[in-house]
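Given next are the chains, with one letter for each unit.
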Amino acid sequence: MGFKSILPFMMVLLLFTSCANTRKLTYFNDIAAVRGADSLGRLQQLKIQPGDILQVTITTMDKEVSQIFSPAQVNAAATGATGMEPGYLVDSTGYISLPVIGKINVKGRTTGQINDLIATELDKTIRNAYVSTRLVNFRISVLGDVARPGSFRIGAERASILDALSMAGDLNVTAKRDDIMIIREVDGIKTYASVNLNDSKTLSSPYYYLSNNDVIYVKPGPDKKFATSKTIQFLPAIIGVISLITTIVILNK
């Protein structure tokens, strides 16, 4: 069998190898066969837990009254000393203490529910108060086989696992995409879940959107031990290119 007759088989082999490697590196491989949309109304909302820090802004027509509730005035000295965000710390029982109002139970509530609760209490003494509550210590950690592992601050109230991986520079080529661990603590109990980024069902998982202090651990794949350098990681591609160039040179002789 001549070299020219072998060439088609080599090209097909390279094509299948390329497709297989690409499939391992892409997310949600079945997304082409999936259609639909997710309703924002049924997505899990962020709920406040002990240890969270809330920035509660209360605005009224009376500037002096508004200044009493200014979050910049809350534990300002302690904030500068500890590096904590300014705001109201949710204690171990789930309460925060506000001026005038007193203790408010915020555990397990969303910021929208807290706004309504505080506004109802204020309405007893202060009319037409505007309340805005924001979680200011929302952080997640990404560990394992990613480009830049670390702890990241989230400025919004919603962040997905894809957002977190983007902050960490995305997964390395050697990382496992079908078994990513998420560690979450609720009411002092740690839960563990495995997320498969090759499956579009993950988009509807209760772990797709993250909670405060979630830890994402990306497990290394079986090829990680061989990836000691960039050259070795790209060795299969380099060999493929060299083979293709060699083939073209031989055929043109």
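You'll find the structure just up there.
All chains use their own residue numbering, which begins from 1 and follows the written sequence. Given that the model is predicted, a residue must reach a pLDDT of at least 70 before its local features are reported, and side-chain atom pairs must reach 80 or more before they are shown or counted; all residues, however, enter totals for whole chains, interfaces and linings. The basis for every side-chain value is the complete set of heavy atoms in the structure, and neither hydrogens nor water enter the calculation.

Engineer: Looking at this structure, how should I read the sheet that holds strand S8 (residues 175-186)?
Structural biologist: Across a sheet, strands are paired by hydrogen bonds formed along the backbone, either parallel or antiparallel in direction. For two strands to pair, DSSP has to find at least two bridges joining them. Elements are defined by DSSP. Helices are runs of H or I of four residues or more, strands are runs of E of two residues or more, and each kind is numbered from the N terminus. Here 5 strands make up an open sheet; going across it, the order is S7-S6-S10-S8-S9 and the pairing mixed. The open sheet terminates on both sides in strands that have one partner only, identified here as strand S7 (150-153) and strand S9 (189-195). Direction aside, the axes of adjacent strands within the sheet are offset by 20° on average. As defined by bridge partners, S8 adjoins S9 across 7 bridges and the pair is classed as antiparallel. Along S9, the bridge assignment pairs isoleucine 183 with tyrosine 192. In this analysis an axis means a line fitted to C-alpha atoms, helices contributing only their contacting stretch, and an angle means the value between N-to-C directions, from 0 to 180 degrees.

Engineer: What's the story with the packing of aromatic side chains in this structure? I'm lost.
Structural biologist: Each aromatic ring pair is specified by the distance between its two centres and by the angle formed by the two planes. In this scheme Phe, Tyr and Trp rings, the latter by its six-membered ring, pair at centre separations within 6.5 Å, and the angle between planes marks the pair as stacked below 30 degrees, edge-to-face above 60, and tilted otherwise. Considering all chains together, one arrives at 1 aromatic pair under this definition. For a Lys NZ or an Arg CZ to count as sitting over a ring, it must be within 6 Å of the ring centre and within 35 degrees of the ring normal. Taking NZ or CZ as reference, lysine 103 lies 5.1 Å from the ring centre of tyrosine 95, over its face. In this structure, arginine 158 packs its charged tip against the face of tyrosine 209, placed 5.0 Å from the ring centre.

Engineer: Got a minute to help me understand the environment of leucine 165 in this structure?
Structural biologist: Along the chain, leucine 165 falls in helix H5 (residues 161-167). Taking the relative accessible area as the measure of exposure, leucine 165 reaches 2% and is therefore buried. For the pair leucine 165 and leucine 143, spaced 22 residues apart in sequence, the C-alpha to C-alpha distance is 9.8 Å. Exposure is judged per residue with a 1.4 Å probe applied to protein chains only, and the accessible area is read against the type maximum: over 50% gives exposed, under 20% gives buried, and values in between give partly exposed.

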